[in-house]
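Here is how the chains run, residue by residue.
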Amino acid sequence: MAELFGIWDGASVTGTFVGVDGWHVALDGRIDNAGELARQLDCPPDAAAILVAAYRRWGAASPDHLLGDFAYALCHPADHLIFCARDPLGVKPLVYARIGSGLAFASQVGALLDAPGVDRRIDLNMVADYLMTPSGLPRDREQTWFDAIKRLPAAHTLSLQDGKLQLQRYWQPDPAYELRLTSDADYIEAFREHLTAAVRPRLGAGRIIGATLSGGLDSSSVVAVARALLPADALRTFYLTATAPEGDEGVYVRQVVEGGGIIHRDLPYISPLTGFADIVRQTRTLPLGVYHGASISLYRAAAETGAGVVLTGVDGDNAVGHGRARLTELAAAGAWDVYREEATGVAQHFGGTPLGYTHRYAQPVIAGWARAGKWGKVWRAAAALDSIYPRWKVFGLYGVRSALRLPAVQPARWLTLTGLVRPEVAAQFFETLPDPPPESAREEQRRGLMGAGLQAGYEDHDAAARFAGVESLHPFADRRLIAFCLALPADLKMRQGWTRWIMREAMAGWLPDGVRWRDGKANANQQLIDHARKTDHDAIQSALAVASPADEYINRAAAQAWLDKLNAAPVDHRTAALLFRIAKLIAWMRA
């Protein structure tokens, strides 16, 4: 784990570089295929030497030949060149800013704020996304809190030579390719092999390994594989206990721990504000996730045991793929018998209703037929879906309304109605139109993998882990595992209403059935509301009491009114989450 920083003024370079044959190299991360590349490139097995040799051989395409999590910069003053690259999922952060004809880069935004000529003007788009999206995460993979500082997006390179700046994508998952094996058993065995190959290089040698264990399918699977690969009791696992019954996953955690080979520790659930002031002072920027304090608590606990790295189950959802958009594929194929079975099954296992899934996944297909004048297909769909939604409504609302181009009924824009966010901020948010619905399970998965929210989530984990003095490692960010899962047929991702069906099957014998076939996840929403009502009520109220630069974006009086309502009436968890984000925004802008 290294902290990147460098400034290239067009003629000379300063920063955290090492020298290699006339090149300056800065690397944060891991190259898992270093030995293979060293032999192929006929160079020393040192990471810096490999990066230089790879660039000499393949140029801007060189990161595509690397496996692992990495962010790095190469500078060659003789050629007036600086070249930066970031791993395919964006696990390792890299930000940059133009400085005259040169470039400054760093691991963290705060490191660039004192670089000469960097403007500190706030990016309104970032504020709008932070306040208006349910998660608080950005929708743009390049934006940061500051107009002048940009993120290098995951799977991209950045080069500056003779004053010309070029941003280029070097990798993206292929949504067209589908893997064909002979049987379910072959797919299941291949999944086990890929997951094991993703965990193994993240274990290292001769060190204590930490792991988060929430009892969910993702973290439990990572722990199960790591346990099988490590000596007995080399793995330390950590779980944040819940304060509300609906958020408790302890029963699943205990099932995994009872398998042995783990030294486990339960931690008390903590405030979303825990560690916030300290990490703002250190990074000089605003963490995005509401539960950032929980990540800090987990990583600190791991550091106390002597663990240098912590494995997580982050983003198993997107890596494996839930497969819900298989419903769209079934609708488009007119396979209504299977559609009804799957829609009913997923609603039974994970909540919601078949109608809710039909609104989301079948409606766009039927609307498209109506706009194309394919009324026979519309009517057959209406008849097939009659047990889920009356046929006259399918025909009229999905079909006729779409054919006439009437606006669809939209859910209430609850944030605009609460008055918590200034109208101009809301207007900025709604300027960006949402993407059309995905047409396949594979496309739905690809969008999740390439989304700005996933990249920002990895960055939040990286910041929390650095703050605690450990390195966070995420097996589900493994490029080979992702490519394999993306290429799977849709019926292996969702079958009989079970999302991520292949993973549940593949973990047989490694995880208890109660964990493999658990229906959904625990709900932490009530815990968030309780913290806003009780534990953190005074802290939020204190933030709202005094004018701040954040008043340009939020309505403090409306926020105070909603805070006062927390104890008097039922409140949506999204409102509680937004109150926390507003309090953090105020505190950051005052700092």
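Whatever comes next refers back to the structure up there.
Fair warning: this is a prediction, and the values are worked out from it, not measured in the lab.

Account for the overall build of the protein, with residues named and values stated.
When its secondary structure is counted, the protein shows 26 helices and 18 strands. Taking 591 residues into account, the globule formula puts the C-alpha radius of gyration at 25 Å, and the protein, at 25 Å, falls close to it. Sorting the 591 residues of the protein into buried and exposed places 56% on the buried side. Here the analysis covers contacts within the protein between residues at least 6 apart in sequence; of these, 72% occur between residues at least 24 apart. Distance between charge centroids for the protein: 4 Å, based on 62 positive and 64 negative side chains.

Break down the packing of helix α13 (residues 363-371) against helix α14 (residues 375-384) for me, citing the residues and quoting the values.
It is at 8 Å that the axes of α13 and α14 come closest, and there the two elements cross at 150°. By the angle between their axes, α13 is roughly antiparallel relative to α14. As α13 packs across α14, the resulting crossing turns out to be left-handed. Here α13 contributes Ile366, Trp369 and Ala370 to the contact with α14, which in turn contributes Trp375, Lys377, Val378 and Ala381. Here the residues of the contact of α13 with α14 are counted per class, giving six nonpolar, no polar and one charged.

With reference to specific residues and values, describe empty space enclosed by the protein.
Using a probe with the size of a water molecule, rolled over the atoms, empty space left in the structure can be pinpointed. Following the criterion strictly, the structure yields two cavities of 30 Å³ or more and no others. The volume enclosed by the largest cavity comes to roughly 240 Å³. Looking at the largest cavity, it is lined by 20 residues, and the ones nearest its centre are Gln108, Arg151, Thr285, Glu459 and Asp460. Residue assignment for the lining of the largest cavity shows that the elements contributing at least two residues are α7 (276-283) and α19 (452-468). In terms of residue count, the dominant contributor to the lining of the largest cavity is α19 (four residues). A per-class count over the lining of the largest cavity returns 11 nonpolar, six polar and three charged. Each pocket or cavity is described by its volume, and for the second largest cavity that value is around 70 Å³.

For the side chain of glutamate 444, give the residues involved together with the corresponding values.
If you trace the backbone, glutamate 444 turns up in helix α18 (residues 441-450). As a buried residue without a salt bridge, glutamate 444 has its nearest oppositely charged side chain in arginine 360, at a separation of 4.1 Å. A distance of 3.1 Å separates polar atoms of two side chains, one belonging to glutamate 444 and the other to tyrosine 361.

Quick one: what's the story with the environment of tyrosine 239, residue by residue and with numbers?
Assignment of secondary structure puts tyrosine 239 in strand β13 (residues 235-240). Measuring from C-alpha to C-alpha, the distance between tyrosine 239 and alanine 294 comes to 10.0 Å, with 55 residues separating the pair along the chain. The contacts of tyrosine 239, once residues within four sequence positions are left out, are Leu213, Ser214, Gly247, Asp248, Glu249, Gly250, Val253, His264, Arg265, Asp266, Leu267 and Leu298. Of the polar contacts made by the side chain of tyrosine 239, one reaches the side chain of aspartate 248; its length is 3.3 Å.

Could you give me a rundown of the sheet that holds strand β14 (residues 262-267), with the residues and numbers involved?
As summarised here, the arrangement of the five strands in space is β14-β13-β12-β15-β16, forming an open sheet in which the pairing is parallel. The open sheet has two edge strands, β14 and β16 (471-473), and neither has a second partner. Neighbour-to-neighbour, the strand axes of the sheet open up by a mean angle of 30°, direction not taken into account. Pairing of β13 with β14 involves six bridges; the strand directions are parallel. Counterpart to phenylalanine 238 in the pairing with β14 is arginine 265.

Can you lay out the pattern of salt bridges for me, pointing to particular residues and giving the numbers?
Following the criterion strictly, the structure yields 37 salt bridges and no others. In this structure, aspartate 119 engages arginine 121 in a salt bridge whose closest nitrogen and oxygen atoms are separated by 2.8 Å. In this structure, arginine 442 engages glutamate 178 in a salt bridge whose closest nitrogen and oxygen atoms are separated by 3.0 Å. Within this pair, whereas arginine 442 is found in helix α18, its partner glutamate 178 is found in the loop between β11 (164-169) and α4 (184-199), the two being separated by 264 residues in sequence.

Which residues make up the pairing of strand β12 (residues 209-212), and what values do they have?
Successive side chains on a regular strand alternate, one facing one side of the sheet and the next facing the other. Of the two faces of β12, the one holding Ile209 and Ala211 and the one holding Gly210 and Thr212 are both buried throughout. Relative to β13, β12 is paired through four bridges, and the arrangement is parallel. Opposite threonine 212, over in β13, you have phenylalanine 238 as the bridge partner. In this view, the connection linking β12 to its parallel neighbour β13 by way of helix α5 (residues 217-229) has right-handed handedness. The pairing of β12 with strand β15 (residues 309-311) spans three bridges and is parallel. Residue pairing across strands places alanine 211 opposite leucine 311, the latter belonging to β15.

Reading the values: rules and limits
- Residues numbered from 1 in each chain as written.
- Predicted model: local features only at pLDDT ≥ 70, side-chain atom pairs only at ≥ 80, totals over all residues.
- Heavy atoms only, no water.
- Helix = DSSP H or I, 4+ residues; strand = E, 2+ residues; numbered from the N terminus.
- Rg over C-alpha atoms; globule rule 2.2 N^0.38 Å.
- Buried < 20%, exposed > 50% of the residue type's maximum accessible area, 1.4 Å probe, protein only.
- Contact = heavy atoms within 4.5 Å.
- Lys, Arg positive; Asp, Glu negative; His and termini not counted.
- Charge placed at Lys NZ, Arg CZ, Asp CG, Glu CD.
- Axes fitted to C-alpha atoms, helices over the stretch in contact; angles between N-to-C directions.
- Parallel < 35°, antiparallel > 145°, perpendicular 65-115°, else oblique.
- Left-handed = near helix turned anticlockwise from the far one by under 90°.
- Nonpolar A, V, L, I, M, F, W, Y, C, P; charged D, E, K, R; others polar.
- 1 Å grid on protein atoms, 1.4 Å probe; cavity = no way out; pocket = protein on both sides within 12 Å on 5 of 7 lines; lining within 4 Å.
- Points joined across faces, edges and corners; volume = space filled by probe spheres on them.
- Salt bridge = Lys/Arg side-chain N within 4 Å of Asp/Glu carboxyl O.
- Polar contact = N/O pair within 3.5 Å; in protein donor to acceptor, adjacent residues only side chain to side chain.
- Pairing = 2+ DSSP bridges.
- Right-handed = clockwise from strand over helix to strand, strands pointing away.

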